[in-house]
Amino acid sequence: MHFGLSEEQEMIVSTVRSFVEKEIYPHEAEVERTGEVPEGLGEEIKQKVINLGFYACNFPEEVGGAGLSHLDFTLVERELGRGSMALTHFFGRPQNILMACNAEQRERYLLPAVRGERMDALAMTEPDAGSDVRGMKCSAVRDGGDWVVNGSKHFISGADHADFFIVFVATGVDDTPKGPKKRITTFLVDRGTPGFEVRKGYNSVSHRGYKNCILDFDNCRLSDAQVLGEVDGGFAVMNEWLYATRLTVAAFSVGRARRCFDYALKYAAERKQFGQQIGKFQGVGFQIADMITEIDAADWLTLAAAWRLDQGLPSNREIASAKVYASETLAKVTDTTLQIYGGMGLMDDFPIERFWRDARVERIWDGTSEIQRHIISRDLMRPLGA
């Protein structure tokens, strides 16, 4: 078995890491302090990425993307994980679900998104429908030849910069042996559509500057031309295209954990107490050893899951394992690093407290740790008839 990266993959890693260090790191402190991305900076980052040839690198060449494999793109996300999410958002990775666009929708949504002319945002979560997606109350009913949408979405990341939204809405109910089950349809909704409003969301302690918003629909009329995929086929579209978002969280977590670990290692090698570097004490040295072991394990789990996707192998369980393990490893690494720094770890003189705060959300969004464990256990038990 060969575990090394190819020359091309090494170049991808080097290029993206260099970009993050030069174009993202210098602006992080200001974004953290103000909670805002300075005006014009996002567009500047986007243009530099376009010039670099990495914008929409997760899309196939046939639609103007770089055509990276799942493994290659996971390497990109791993390096982007080192930087502020508020800023790396503009690196530009439109939702792969846009590949479900029909011919007309491709011209209106997919291709402009790949070219960086329009930005998208995914809208699924509601106040009463988080892990229970089918519990959504935002609904659409037929009225003549249109759909009339009413309800709200919240925790919609990147909505402040989005030009259009990929929105999952309930469009009916089926009676099943297990009780009523809602049918879901996916709609493409333009900012500015009458009856549709994007509002400021909640102030989060994680990923400052990377805003979440609330979407309100009040008798918002949409045509069939706005349906992505088939009517009532939202879950089919979701299952075909959104499975890899969990892999993105895993890759991000690995990248951020490695950056945080670098701080811990350097501090342990330089900070002296009782006449020697604190890393020489087993209490700290063993923590360093445990951290790198768990980071490496999370890294290999993540890359292996991406490799399985490229091979066309079943990978639902493997992706869930990577997501839960990598996100929980990030939590341990940030907390342990803060402990090694002691009181200074909580001061904003260092980014450690930011890494610590940011890490908390990774175990929640794109499927909580509990949901990932449910996916894993279900995958293992089903073949046994349980």
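Residues numbered from 1 in each chain as written. Predicted model: local features only at pLDDT ≥ 70, side-chain atom pairs only at ≥ 80, totals over all residues. Heavy atoms only, no water.

Engineer: Looking at this structure, how should I read the overall build of the protein chain?
Structural biologist: Each helix and strand counted, the protein chain has 11 helices and 10 strands in total. For the C-alpha atoms alone, the extent of the protein chain along its principal axes is close to 80 × 55 × 40 Å. Classification of the 386 residues of the protein chain by burial places 48% in the buried group. Considering only residue pairs separated by 6 or more positions, the protein chain has 73% of its internal contacts joining residues 24 or more positions apart. In the protein chain, which carries 45 positive and 56 negative side-chain charges, the distance between the mean positions of the two groups comes to 4 Å. (Helix = DSSP H or I, 4+ residues; strand = E, 2+ residues; numbered from the N terminus. Buried < 20%, exposed > 50% of the residue type's maximum accessible area, 1.4 Å probe, protein only. Contact = heavy atoms within 4.5 Å. Lys, Arg positive; Asp, Glu negative; His and termini not counted. Charge placed at Lys NZ, Arg CZ, Asp CG, Glu CD.)

Engineer: What is the right way to read the confidence of the model for the protein chain from this model?
Structural biologist: Caution applies to low-pLDDT parts of the model: their predicted coordinates are not meant to be read in detail. Taken as a whole, the protein chain shows an average pLDDT of 95; of its residues, 100% reach a score of 70 or greater. Of all the helices and strands in the protein chain, helix α6 (residues 234-241) carries the lowest mean pLDDT, 81, while helix α4 (residues 85-88) carries the highest, 98. (pLDDT = per-residue confidence, 0-100.)

Engineer: Looking at this structure, how should I read the environment of Ala129?
Structural biologist: Positionally, Ala129 belongs in the loop between β1 (120-123) and β2 (139-143). Ala129 sits in the buried class, given a relative accessible area of 1%. A C-alpha to C-alpha distance of 9.7 Å links Ala129 and His154, two positions 25 residues apart in sequence.

Engineer: Looking at this structure, how should I read the UniProt feature "domain: Acyl-CoA dehydrogenase/oxidase C-terminal" (unreviewed entry) in the protein chain?
Structural biologist: Under the feature "domain: Acyl-CoA dehydrogenase/oxidase C-terminal" (unreviewed entry), the UniProt entry names residues 233-380. Across residues 233-380, the secondary structure splits into 74% helix and 3% strand, with the terminal C-alpha atoms separated by 27 Å. (UniProt positions renumbered as here; feature names shortened; annotations may be inferred.)

Engineer: How should the packing of helix α3 (residues 70-80) against helix α7 (residues 245-270) be read in this particular structure?
Structural biologist: A pair of packed helices is captured by two measures, namely the crossing angle of their axes and the spacing between those axes. Running from N to C, α3 and α7 cross one another at 45°; their axes reach a closest spacing of 7 Å. Overall, the two elements α3 and α7 adopt an arrangement that is oblique. Between α3 and α7 the crossing geometry is right-handed. Residues Phe73, Thr74, Glu77 and Arg78 of α3 pack against Leu247, Thr248, Ala251, Phe252, Val254 and Gly255 of α7. Of the residues belonging to the contact of α3 with α7, the class tally is five nonpolar, three polar and two charged. (Axes fitted to C-alpha atoms, helices over the stretch in contact; angles between N-to-C directions. Parallel < 35°, antiparallel > 145°, perpendicular 65-115°, else oblique. Left-handed = near helix turned anticlockwise from the far one by under 90°. Nonpolar A, V, L, I, M, F, W, Y, C, P; charged D, E, K, R; others polar.)

Engineer: Which parts of the structure should I look at to understand the state of the cysteines?
Structural biologist: Two cysteines whose sulfur atoms are joined by a covalent bond form what is called a disulfide. This structure, assessed with the given rule, holds zero disulfides. Between Cys57, a cysteine without a disulfide, and Cys101, which holds the nearest cysteine sulfur, the sulfur-to-sulfur distance is 18 Å. Here Cys220 is not cross-linked by a disulfide; its sulfur's nearest cysteine counterpart is in Cys138, at 9.1 Å. (Disulfide = S-S within 2.5 Å.)

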